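# Chains, contacts and geometry: an overview
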Amino acid sequence: MPLENKWLFLNKKFDAHNKLNQRLYNKLRQIMSVNLKDLYKSSSGVELFHKNCISLMEKIPEETVDLIFADPPYNLQLKDTLYRPDQTTVEAVTQDWDKFSTYKEYDQFTNAWLSECKRVLKKGGALWVIGSYHNILRVGSTIQDEGLWILNDIIWHKTNPMPNFRGTRFTNAHETLLWCTTSKEAKYTFNYQNLKELNEGKQMRSDWYIPICSGKERLRKDNNQRSHPTQKPEALLYRILLASTNKGDLVLDPFSGSGTTAVVAKKLQRNFIGIEKDKDYVKLSKERLKNTKVLKEEVVTIAKSRKELPKVPFGELVEQGIIPPGAVLTDKKERFKATVSIDGTLKIKDLTGSIHQMGAKIQGLPSCNGWDFWHVKDKSKSIPVSYTHLT
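Summarised in this report is the structure supplied together with it.

Quick look at the nonpolar core now. Counting residues in each nonpolar core, the largest one holds 30 residues, and the members touching the most others are Leu 67, Phe 69, Trp 128, Leu 177, Trp 208, Leu 236 and Ile 240. Secondary-structure elements contributing two or more residues to this core are β1 (46-49), β2 (65-70), β3 (121-131), β4 (149-157), β5 (174-181), α7 (234-244) and α8 (260-267). Here this core gets six residues from one element, more than from any other, and that element is α7. Contact partners of Ile 240, with chain neighbours within four places excluded, come to Leu 67, Phe 69, Trp 128, Leu 177 and Trp 208. Formed by 29 residues, the second largest nonpolar core is a distinct cluster that contains Leu 121, Leu 178, Phe 255 and Ile 273.

This part takes up the packing of α7 against α8. For any two helices packed against each other, the geometry comes down to the angle between their axes and how far apart the axes lie. With their axes 9 Å apart at the nearest point, α7 and α8 run at an angle of 55° to one another. Put simply, α7 runs oblique to α8. At the point where α7 passes α8, the crossing takes the right-handed sense. Of α8, the residues touching α7 (which contributes Glu 234, Leu 237, Tyr 238 and Leu 241) are Thr 260, Thr 261, Val 263, Val 264, Ala 265 and Lys 267. In terms of residue class, the contact of α7 with α8 is built from six nonpolar, two polar and two charged.

This part takes up the pairing of strand β7 (residues 250-253). Side-chain alternation along β7 places Leu 250 and Leu 252 on one buried face and Val 251 and Asp 253 on a second face that is also buried. Bridging between β7 and strand β8 (residues 271-275) involves four bridges; their strand directions are parallel. Opposite Val 251, over in β8, you have Phe 272 as the bridge partner. Since β7 and β8 lie parallel, the crossover through α8 that links them has a hand, and here it is right-handed.

Definitions and limits used
Residues numbered from 1 in each chain as written. Predicted model: local features only at pLDDT ≥ 70, side-chain atom pairs only at ≥ 80, totals over all residues. Heavy atoms only, no water. Core = buried A, V, L, I, M, F, W, Y, C linked by side-chain atoms within 4.5 Å. Buried < 20%, exposed > 50% of the residue type's maximum accessible area, 1.4 Å probe, protein only. Helix = DSSP H or I, 4+ residues; strand = E, 2+ residues; numbered from the N terminus. Contact = heavy atoms within 4.5 Å. Axes fitted to C-alpha atoms, helices over the stretch in contact; angles between N-to-C directions. Parallel < 35°, antiparallel > 145°, perpendicular 65-115°, else oblique. Left-handed = near helix turned anticlockwise from the far one by under 90°. Nonpolar A, V, L, I, M, F, W, Y, C, P; charged D, E, K, R; others polar. Pairing = 2+ DSSP bridges. Right-handed = clockwise from strand over helix to strand, strands pointing away.

So, in structure tokens, the structure goes:
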């Protein structure tokens, strides 16, 4: 057989072998994947598993999770004991779960769990990953290699960071969050308006000033040692879940740790699957959940952003009497006032125009979103005109 034909034969044989392997792999996936209802048995909407995250995620069916929050080992590579100036010992991360022999080993681990995250995430679902300078660049690279799309990097500024006791480096006062979705074209959840309300009417920025756990929030053992070395504050998870999920969505935390994500998910009426391989942390999380109350329906239910609402011309609100002719609209701080005409235009003295044109004119701007700029009185409070047909 000529050499060229021999190579062609071997290539075809290799391709057939690969296809066979893929068919067997897919068949195994079908056998391993259980019905989500069987896996997710908790009547409270929150389920914790004492398992290895990769082996457990392999049993979750494809495209079933709305949001994943991952707080993986950072691979801090701490070896020497740290001391404060008074010679007391610093509580550092010394557990085996944060130890990897090489960067290659850490990268293989990262690739394995991220691959499963991508598989179980719904199209348009959110992946949030947190890390420090030790690991976040490597994790970010793997995220992009997996074909996921990074939407933002968020800087979590720790308002009360631990000092650098040795005085050899800058105080490590922040961590980085990567907010990702399944592809560049994906239609993802972003509750922009709700975050804006949370931020006193200002657009939420990508730098978040939130303190680390301290006081009553910091979980401690009987000997006053920290129950978990990297416990995240509830405020951080609160903002993430508010930003990227809706009531009833399914949240997955593959490194559940002290159970912060579980606690916030339960409060906000999000369904939750947590995976943690340390039995002590699972026990700790379950104790926290027992003391966690679900917020009431009317508190958790929030207005949808204007983008999710049916598009309605402003004139339709006028002719239906929702915002009747003669109604007075103001900006949020009531610096400007405009009167609604019978045709849906706004009047301010001798100026006339649409809600968008008038908002831009009085601010001296080239354009303005009148739906968000103009407000109308609703009982005792002022609400954006975009929400008037919801009340």
